[in-house]
Amino acid sequence: MSLDVSPKLLAEAESGDIREEDFVDTVRTSLPYAYDLIASLTTELKDGKAEFTDNQTPPPSEQERGQLLRALASDAIRGSLERHFGVELAFQNCHRVAAFHPGARSGETYRRFTSRRSQILNQSPEFRDC
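What comes next is a walk through the structure. Everything numeric in this text was worked out from a predicted model, so none of it was measured. (Residues numbered from 1 in each chain as written. Predicted model: local features only at pLDDT ≥ 70, side-chain atom pairs only at ≥ 80, totals over all residues. Heavy atoms only, no water.)

A short note on the overall build of the protein
Counting secondary structure elements, the protein contains seven helices and three strands. From first element to last, N terminus to C terminus, the protein shows the α and β order α-α-α-β-α-α-β-β-α-α. The C-alpha radius of gyration of the protein comes to 15 Å, within 12% of the 14 Å expected for a compact globule of 130 residues. With the C-alpha coordinates of the protein rotated into their principal frame, the extents come out at 45 × 35 × 25 Å. For the protein, the residues scored as buried account for 39% of the 130 residues in total. Within the protein, contacts between residues separated by at least 24 positions form 59% of all contacts whose residues are at least 6 apart in sequence. (Helix = DSSP H or I, 4+ residues; strand = E, 2+ residues; numbered from the N terminus. Rg over C-alpha atoms; globule rule 2.2 N^0.38 Å. Buried < 20%, exposed > 50% of the residue type's maximum accessible area, 1.4 Å probe, protein only. Contact = heavy atoms within 4.5 Å.)

Below you can see the structure in the form of structure tokens.
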């Protein structure tokens, strides 16, 4: 299971839509490593002048790696985190997540980061089973 959903939030979802803030809070408490990593990248991006910030350090355990994979593999989670933090996210390998400024998807740097070529160049044997 990806998220630890409270009975209250589940009841709200069963009767209609839920507030994005409540969803993001559930993500924050359920996937703390992923949430904190994206929060950190966002802070670094907004404090600097770079076009993007990225994480190149592998997670400390498979549990944290799983959190990151679940967060970025879900359109709902990823989209909510992007809106919450005001960034656009990109993902390579099993831990290299990057935060870009809003609107970056139409730019050359984002396209280069998410290209097939870049994906191939960022592979190594230790990423095979991650």
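Details of the pairing of strand β2 (residues 88–92)
Among the five residues in β2, four count as buried, and that is most of the element. Where β2 hands over to strand β3 (residues 96–100), the hairpin turn is made up of three residues, of which N93 adopts a positive phi near 55°. (Pairing = 2+ DSSP bridges.)

Quick look at the pattern of salt bridges
This structure, assessed with the given rule, holds eleven salt bridges. Of the charged contacts, one joins E20 and R83 as a salt bridge, the two residues approaching to 2.6 Å between their closest N and O atoms. With E20 in helix α2 (residues 20–30) and R83 in helix α5 (residues 75–85), this residue pair connects regions lying 63 residues apart in the sequence. Judged by relative accessible area, which is 29%, E20 ranks as partly exposed. In this structure, E82 and R105 form a salt bridge, with 2.6 Å as the shortest nitrogen-oxygen distance. (Salt bridge = Lys/Arg side-chain N within 4 Å of Asp/Glu carboxyl O.)

Description of the sheet that holds β3
Reading across the sheet, the three strands line up as β1-β3-β2 and stay open at both edges, with antiparallel pairing between neighbours. A strand with exactly one partner marks an edge of an open sheet, and here the two such strands are β1 (52–54) and β2. Neighbour-to-neighbour, the strand axes of this sheet turn through a mean angle of 20°, independent of strand direction. Taken together, the five bridges between β2 and β3 define a ladder with antiparallel strand orientation. Paired with A90 across the strands is A98, a residue of β3. Against the sheet, helix α3 (residues 32–47) contacts β1, β2 and β3, and its axis sits at roughly 40° relative to β3. Its contacts with the sheet put helix α4 (residues 62–73) on β2 and β3, and the angle it makes with β2 is roughly 125°. (Axes fitted to C-alpha atoms, helices over the stretch in contact; angles between N-to-C directions.)

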